[in-house]
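Residue-level listing of the chains:
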Amino acid sequence: MNISLLLSFAAAAMCLCMLSVATDAFCPPVVTSRHQRQRHPLAAVTEDEVLAQVEKAEESWARALEARKEANALSDRAEEQGEAAAEIAKEAEAAIREGAISLEKIAMADQATNSNLDAGSVLSRALQAADDADRLEAIAEVALANSEEMLDQHLIDFPDSSLA
């Protein structure tokens, strides 16, 4: 390899190191997690950025709440349909035990089966909605944590901020 090329790489590396040391002296730390801080060159978290992140967290929580309400409503509906299906099934079983099989008794058994299938379908949708609500709540938790970290960093960057 060419010596002049090696020397230019070494000079570039030294410049980067010196630039890093110089910016460390003038740049505040950036919070990257609750337990770790690192320097970020010439960047500060503004009040607008903090407020935007807080709004994002609030919107995430609102979506999670709506999803949870939907899951609870579907769960209640599935419970009601399940209870109704159980009652229809009891009536159909009692009718079938009372003598000969007829078209009417077969229709009752068919209605009981369909009621159970409908209740199972609503229960399946309720479980899916609960999973969606859990996922949205996890996203909202992350958004909240991010907004708290951004606020902490903003207060380091701007100690006299109105957000203090």
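Before any of the text, the structure's been laid out above.
Residues numbered from 1 in each chain as written. Predicted model: local features only at pLDDT ≥ 70, side-chain atom pairs only at ≥ 80, totals over all residues. Heavy atoms only, no water.

Caption draft 1: Highlighting the environment of Ala44. With respect to the secondary-structure elements, Ala44 resides in the loop between strand S2 (37-39) and helix H2 (47-97). For the pair Ala44 and Leu155, spaced 111 residues apart in the sequence, the C-alpha separation amounts to 9.9 Å. The residues touching Ala44, leaving out its near neighbours within four places in the chain, are Glu49, Asp157 and Phe158. (Helix = DSSP H or I, 4+ residues; strand = E, 2+ residues; numbered from the N terminus. Contact = heavy atoms within 4.5 Å.)

Caption draft 2: Layout of a nonpolar patch on the surface. Together, Ile96, Ile101, Leu103 and Ile106 line one region of the surface with nonpolar side chains, adding up to about 420 Å² of accessible area. Examined against the element boundaries, Leu103 turns out to sit in helix H3 (residues 103-157). The class for Leu103 is exposed, based on a relative accessible area of 74%. (Patch = residues over 30% accessible without salt bridge, like charges linked within 9 Å, V, L, I, M, F, W, Y side chains within 5 Å. Areas by Shrake-Rupley, 256 points an atom, 1.4 Å probe, with all protein chains shown as cover. Salt bridge = Lys/Arg side-chain N within 4 Å of Asp/Glu carboxyl O. Buried < 20%, exposed > 50% of the residue type's maximum accessible area, 1.4 Å probe, protein only.)

Caption draft 3: Expanded view of the nonpolar core. Ranked by size, the top nonpolar core spans 6 residues in total: Ala71, Leu74, Ala78, Val122, Ala126 and Ala129. Those elements giving two or more residues to this core turn out to be H2 and H3. Beyond its immediate chain neighbours, meaning those up to four positions away, Ala126 contacts Ala71, Leu74 and Ser75. (Core = buried A, V, L, I, M, F, W, Y, C linked by side-chain atoms within 4.5 Å.)

Caption draft 4: Summary view of H2. The first and last C-alpha atoms of H2 sit 74 Å apart over 51 residues, in line with the 75 Å expected at 1.5 Å per residue. Looking at H2, one finds that the buried residues are Val50, Gln53, Ala57, Ser60, Ala64, Ala67, Ala71, Leu74, Ala78, Ala85, Ala92 and Ala95. Tucked inside the fold, the buried residues of H2 contact H3. Directly beyond the C-terminal end of H2, a positive phi value near 100° is found at Gly99. (Expected span 1.5 Å × (residues − 1).)

Caption draft 5: Focus on the packing of H2 against H3. Where H2 meets H3, the closest approach of the two axes is 6 Å, and the angle between their N-to-C directions is 165°. Here H2 lies roughly antiparallel to H3, going by the angle between them. As for how H2 packs across H3, the hand of that crossing is left-handed. Residue composition of the contact of H2 with H3, by class: 32 nonpolar, 11 polar and 12 charged. (Axes fitted to C-alpha atoms, helices over the stretch in contact; angles between N-to-C directions. Parallel < 35°, antiparallel > 145°, perpendicular 65-115°, else oblique. Left-handed = near helix turned anticlockwise from the far one by under 90°. Nonpolar A, V, L, I, M, F, W, Y, C, P; charged D, E, K, R; others polar.)

Caption draft 6: Representation of the environment of Arg77. As for its placement among the helices and strands, Arg77 is situated in helix H2. Expressed as a C-alpha distance, the spacing of Arg77 and Ala126, which sit 49 residues apart in the sequence, is 8.8 Å.

In short, geometric facts, not functional conclusions.
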